[in-house]
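Survey of secondary and tertiary structure
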Amino acid sequence: MQEEPESIERIKSVFDELSSRFDSFAEMLQGRVYGYVTWEHLKKYLPEDENSLILDAGGGTGKWALPLAKRGYRVILCDISKGMLEQAEKKIIKENLSDRVKIQEENLTNLSFPHEMFDFVLCEDGPISISDSQKVLSELRRVLKKEGKIWASVIGRYPLALTEAEKDPEQAYKLCKRELHYLPYKGIERARVFSPDELQNLFERNGIEVIKLYGNRILMRSLPEQIQAMTDFDERLFSDLAEMELALSEEPSVLGMAEYLQITGEK
Ligand SMILES: C[S@@+](CC[C@H](N)C(=O)[O-])C[C@H]1O[C@@H](n2cnc3c(N)ncnc32)[C@H](O)[C@@H]1O
């Protein structure tokens, strides 16, 4: 396994191919729970001024750009995948949000925006793990205003190490000892995995003061796949699982077992 990020060309082609199916995750029980927990925390850090400008970095099909625009924020949704942006555009037009969400094709490792343009930067569901983490974070910090906040999520190291132990114990051991940092993940050949302290260090090294880390997909990843993927489920089941995942997301003793590590900080 090469210890370097995936090429930009390969990222484009993976997400172009996935784009028409990407939103089906949000309809599954696992997607609903992930979205609920994320929003419950994310909303606490959003700017008070609802006219603020937000960068949705690697924003894909607009999962977060749309609800942010509905709250009144101005959003620039950027992504490297044309396919993902096309899906986002359809939804923006359908929901009549074109005056608030602008779409732009960008590479997060080399953004075209000027310094300190955005009041808030969102980089949810993995772009920092998928691309060159250091380059992406340094760019996100550059375009964020002083005292502006950032929210991001990455792939957790330890849940992947445990899954890997069944297939390749030697590789799993290297992941646990932090001798290995990249692993195939959901169609990506090499995704960067992080322990909570590796993620915290990345942010601090880049001049972002960490406010808090959260865990997501601690409970849901432990359930059988057919339950995670259910699309027809009782609302009571959803709310029980969502509240349990929410409680675990703030429990420091299980943070390292989260498949998605979520972090918020201030420049
Ligand atoms: C798993 S999707 C998440 C999309 C969205 N943030 C969400 O939460 O639904 C990851 C996205 O990151 C984008 N991405 C990865 N590396 C990128 C880069 N270097 N520049 C721009 N976008 C990138 C991909 O194209 C993809 O749309």
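Reading the values: the criteria
Residues numbered from 1 in each chain as written. Predicted model: local features only at pLDDT ≥ 70, side-chain atom pairs only at ≥ 80, totals over all residues. Heavy atoms only, no water. Near = heavy atom within 4 Å. Polar contact = N/O pair within 3.5 Å; in protein donor to acceptor, adjacent residues only side chain to side chain. Areas by Shrake-Rupley, 256 points an atom, 1.4 Å probe, with all protein chains shown as cover. Helix = DSSP H or I, 4+ residues; strand = E, 2+ residues; numbered from the N terminus. Nonpolar A, V, L, I, M, F, W, Y, C, P; charged D, E, K, R; others polar. Buried < 20%, exposed > 50% of the residue type's maximum accessible area, 1.4 Å probe, protein only. Contact = heavy atoms within 4.5 Å. Salt bridge = Lys/Arg side-chain N within 4 Å of Asp/Glu carboxyl O. Arc of directions from axis to C-beta.

A few words on the site of the ligand. Around the ligand sit 21 residues, and of these Gly-58, Asp-79, Leu-108, Glu-124 and Ser-131 come closest. Between the ligand and Gly-58, the relevant distance is 2.8 Å, taken from a nitrogen atom to a main-chain nitrogen or oxygen of the residue. At 3.2 Å, a backbone N or O of Ile-80 approaches a nitrogen atom of the ligand. Its free accessible area being 590 Å², the ligand has 98% of it covered by the protein chains. Those elements that place two or more of their residues in the shell around the ligand are helix 1 (8–18) and helix 6 (127–130). The greatest single-element share of the shell around the ligand, amounting to three residues, is contributed by helix 1. The class makeup of the residues in the shell around the ligand is ten nonpolar, six polar and five charged.

Residue position: Phe-15 is located in helix 1. Exposure remark for Phe-15: the relative accessible area of 15% places this residue in the buried category. As a C-alpha pair, Phe-15 and Tyr-173 span 158 residues in sequence and 30 Å in three-dimensional space. Ignoring sequence-local partners within four residues, the contact set of Phe-15 consists of Ser-81, Met-84, Ile-130 and Ile-188.

Now for unusual backbone geometry. Although it is not a glycine, Asp-125 sits at a positive phi angle of roughly 65°. Relative to the elements of secondary structure, Asp-125 occurs in the loop between strand 4 (118–123) and helix 6. Judged by relative accessible area, Asp-125 falls into the partly exposed class, the value being 28%. A positive phi angle, close to 60°, is found at Arg-217, a residue other than glycine. By the element assignment, Arg-217 lies in the loop between strand 8 (209–216) and helix 11 (225–228).

With the rule as written, the count across this model stands at 21 salt bridges. A salt bridge links Glu-198 to Arg-157, with the nearest nitrogen and oxygen atoms 3.0 Å apart. Taken together, the residues span a long stretch of sequence, with Glu-198 in helix 10 (residues 196–205) and Arg-157 in helix 8 (residues 157–167) at a distance of 41 residues. In this structure, Glu-198 and Arg-157 share a single accessibility class: buried. Across the pair Arg-221 and Glu-259 runs a salt bridge whose closest N-O atoms are separated by 3.7 Å. Within this pair, whereas Arg-221 is found in the loop between strand 8 and helix 11, its partner Glu-259 is found in the loop between helix 12 (235–249) and strand 9 (260–266), the two being separated by 38 residues in sequence. The exposure class assigned to Arg-221 is partly exposed, which follows from its relative accessible area of 24%. A residue is classified by how much of its surface remains accessible, and Glu-259, at 8% relative accessible area, is buried. Because the salt bridges share partners, they merge into one network encompassing Glu-6, Arg-10 and Glu-189.

The next point concerns helix 9 (residues 169–176). The complete set of buried residues in helix 9 reads Gln-171, Ala-172 and Leu-175. On an axial view of helix 9, the arc spanned by its buried residues comes to 100°, and they lie on one face. Opposite the buried face of helix 9, at more than 90 degrees from it, the exposed residues are Pro-169, Glu-170 and Tyr-173.

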